[in-house]
Amino acid sequence: MQVPQHIAIIMDGNGRWARARRRRRLEGHRAGLKAIRRVLKACDELGVSVLSLYAFSTENWTRPRTEVDGLMRLFAQTLDREIDELNREGVQLRITGRRDGLSPALLRKIESSEELTRHNQDRVLNLLINYGGRAEIVDAVKKLIAAGVDPAKLGDEHITGALYNPDLPEPDLVIRTAGEQRISNFLIWETAYSEFHFTETLWPDFDKADLVEAIAAFNARERKFGGLNDEPTDAAAGR
Ligand code: FPP
């Protein structure tokens, strides 16, 4: 089985998981955090090198204040509690997204966590917080304009090189949980050639078996990147 090098996940369904149990939405997010730990371990066991997780979008600020505050607290607590363990395991942590809007206390934790794990080479955990794919492209274009790139010479590679994580491979596989089939402004440039897998499983229930199922579905696909792979050309087939 070919294991994708980079898996990116839209973790959806925390709220529905909580509602089904008559619990508060934040408890769904806490259960979602447990799923993150399971999936990170499974990625290690399976040999996935980069895991990108959509934790908070630029649109999520419109959620009720209590939920936004609760999520921000959960991010900060999680960094405090888990960064040493992640570091011991050789994980390089990246927090990807716009920094404005995040509290100074959370920003300090983000910066120290990234600094602590910066030299880890084994694998990358890329958490997208206050992230939007369009915002990322806008930021890239601003960088290029500020650098004085000649519009006549502008190519894909300039945009790719000006994104938040130009050194990471593009996702091979994108998974979205909880039955929705949308990209929701997630890594829209980077996923141009990614395979997509949708599952009804709610994120807090997602486990290694779900991940293996997604990888198996990925393996059943033929990735062509716009080309033809092994199909004979018309000329070779006498057409
Ligand atoms: C989507 O479910 C989930 C989120 C917007 C938040 C994801 C956050 C976590 C998994 C918590 C922990 C994360 C870190 C990085 C510490 P939803 O709330 O949209 O669910 P619903 O569609 O069922 O309402």
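Chemist: Explain the overall build of the chain residue by residue, including any values.
Modeler: Along the backbone of the chain there are 7 helices and 6 strands. For the chain, the C-alpha radius of gyration of 19 Å lies close to 18 Å, the compact-globule estimate for 239 residues. Classification of the 239 residues of the chain by burial places 48% in the buried group. Long-range pairs, those at least 24 residues apart, make up 76% of the contacts in the chain between residues at least 6 apart in sequence. As displayed, the chain offers around 12,900 Å² of accessible surface, 50% of which is attributable to carbon and sulfur atoms. A gap of 8 Å separates the mean positions of the 35 positive and 37 negative side-chain charges of the chain.

Chemist: Tell me what's going on with a positive patch on the surface, and back it up with residues and numbers.
Modeler: Residues R24, R30, R73 and R81 make up a contiguous surface patch of positive charge. Following the sequence through the fold, R24 ends up in the loop between α1 (14–20) and α2 (25–46). By relative accessible area, which is 56% here, R24 ends up exposed.

Chemist: I'd like a description of the site of the ligand, backed by residues and values.
Modeler: Around the ligand, a shell composed of 19 residues is seen, among which M11, G15, R16, R25 and R63 lie nearest. R25 places a polar side-chain atom, nitrogen or oxygen, 2.9 Å from an oxygen atom of the ligand. R63 has a polar side-chain atom sitting 2.8 Å from an oxygen atom of the ligand. Taking 620 Å² as the accessible area of the ligand by itself, protein coverage stands at 92%. Of all the secondary-structure elements, those providing two or more residues to the shell around the ligand are α1, α2 and α3 (65–88). A breakdown of the residues in the shell around the ligand according to their chemical character gives 8 nonpolar, 7 polar and 4 charged.

Chemist: Describe the layout of surface pockets, and please don't skip the residues or the numbers.
Modeler: In this structure, the largest pocket occupies an estimated 990 Å³ of space. What lines the largest pocket is a set of 44 residues, among which M11, I36, Y54, A55 and W203 lie closest to the centre. Those elements giving two or more residues to the lining of the largest pocket turn out to be α1, α2, β2 (50–57), α3 and β4 (123–131). Take the lining of the largest pocket: its biggest share by element is 10 residues, from α2.

Chemist: Could you give an account of the pattern of salt bridges, with specific residues and numbers?
Modeler: Within this structure, the stated rule accounts for 21 salt bridges. One salt bridge connects K153 with D150, and the closest N-O pair in it is separated by 3.9 Å. Owing to a relative accessible area of 34%, D150 belongs among the partly exposed residues under this scheme. Because the salt bridges share partners, they merge into one network encompassing D12, R16, R176, E180 and R182.

Chemist: Account for the packing of aromatic side chains, with residues named and values stated.
Modeler: One pass over the structure, following the stated rule, counts 7 aromatic pairs. For the pair F196 and F198, a centre-to-centre distance of 6.2 Å together with 25 degrees between the ring planes defines the contact as stacked. For F196, a relative accessible area of 27% corresponds to the partly exposed category. An angle of 25 degrees between the planes, with centres 5.1 Å apart, marks the rings of W203 and F206 as stacked. The exposure class of F206 is buried, given its relative accessible area of 0%.

Chemist: Residues and numbers for the nonpolar core, please.
Modeler: If you look at the biggest cluster of nonpolar residues, it comprises 42 residues, and the most contacted ones within it are I7, I9, L51 and L125. Top contributing element to this core by residue count: α3, with 9 residues. Filtering out sequence-adjacent residues up to four positions away, I9 remains in contact with V39, L51, S52, L53, Y54, I175, F186 and W203. Of all hydrophobic cores here, the second largest spans 8 residues; its members include I10, L128, V174 and F186.

Chemist: Hey, could you go over α3 for me, with residue numbers and the actual values?
Modeler: If you check α3, its first and last C-alpha atoms are 35 Å apart, about what 24 residues at 1.5 Å a residue would give, namely 34 Å. The sharpest bend along α3 measures roughly 50 degrees and falls at E82.

Chemist: Tell me about the pairing of β4, residues and numbers included.
Modeler: Counting buried positions along β4 gives 9 out of 9 residues, so the element sits mostly inside the fold. Relative to β4, strand β3 (residues 91–96) runs parallel, the two being bridged by 6 bridges. Residue Q92 lies in a different strand from β4, and its bridge partner there is V124.

Thresholds applied
- Residues numbered from 1 in each chain as written.
- Predicted model: local features only at pLDDT ≥ 70, side-chain atom pairs only at ≥ 80, totals over all residues.
- Heavy atoms only, no water.
- Helix = DSSP H or I, 4+ residues; strand = E, 2+ residues; numbered from the N terminus.
- Rg over C-alpha atoms; globule rule 2.2 N^0.38 Å.
- Buried < 20%, exposed > 50% of the residue type's maximum accessible area, 1.4 Å probe, protein only.
- Contact = heavy atoms within 4.5 Å.
- Areas by Shrake-Rupley, 256 points an atom, 1.4 Å probe, with all protein chains shown as cover.
- Lys, Arg positive; Asp, Glu negative; His and termini not counted.
- Charge placed at Lys NZ, Arg CZ, Asp CG, Glu CD.
- Patch = residues over 30% accessible without salt bridge, like charges linked within 9 Å, V, L, I, M, F, W, Y side chains within 5 Å.
- Salt bridge = Lys/Arg side-chain N within 4 Å of Asp/Glu carboxyl O.
- Near = heavy atom within 4 Å.
- Polar contact = N/O pair within 3.5 Å; in protein donor to acceptor, adjacent residues only side chain to side chain.
- Nonpolar A, V, L, I, M, F, W, Y, C, P; charged D, E, K, R; others polar.
- 1 Å grid on protein atoms, 1.4 Å probe; cavity = no way out; pocket = protein on both sides within 12 Å on 5 of 7 lines; lining within 4 Å.
- Points joined across faces, edges and corners; volume = space filled by probe spheres on them.
- Phe/Tyr/Trp six-rings, centres within 6.5 Å; stacked < 30°, edge-to-face > 60°.
- Core = buried A, V, L, I, M, F, W, Y, C linked by side-chain atoms within 4.5 Å.
- Expected span 1.5 Å × (residues − 1).
- Bend = angle between axes of the 7 residues up to and from the residue.
- Pairing = 2+ DSSP bridges.

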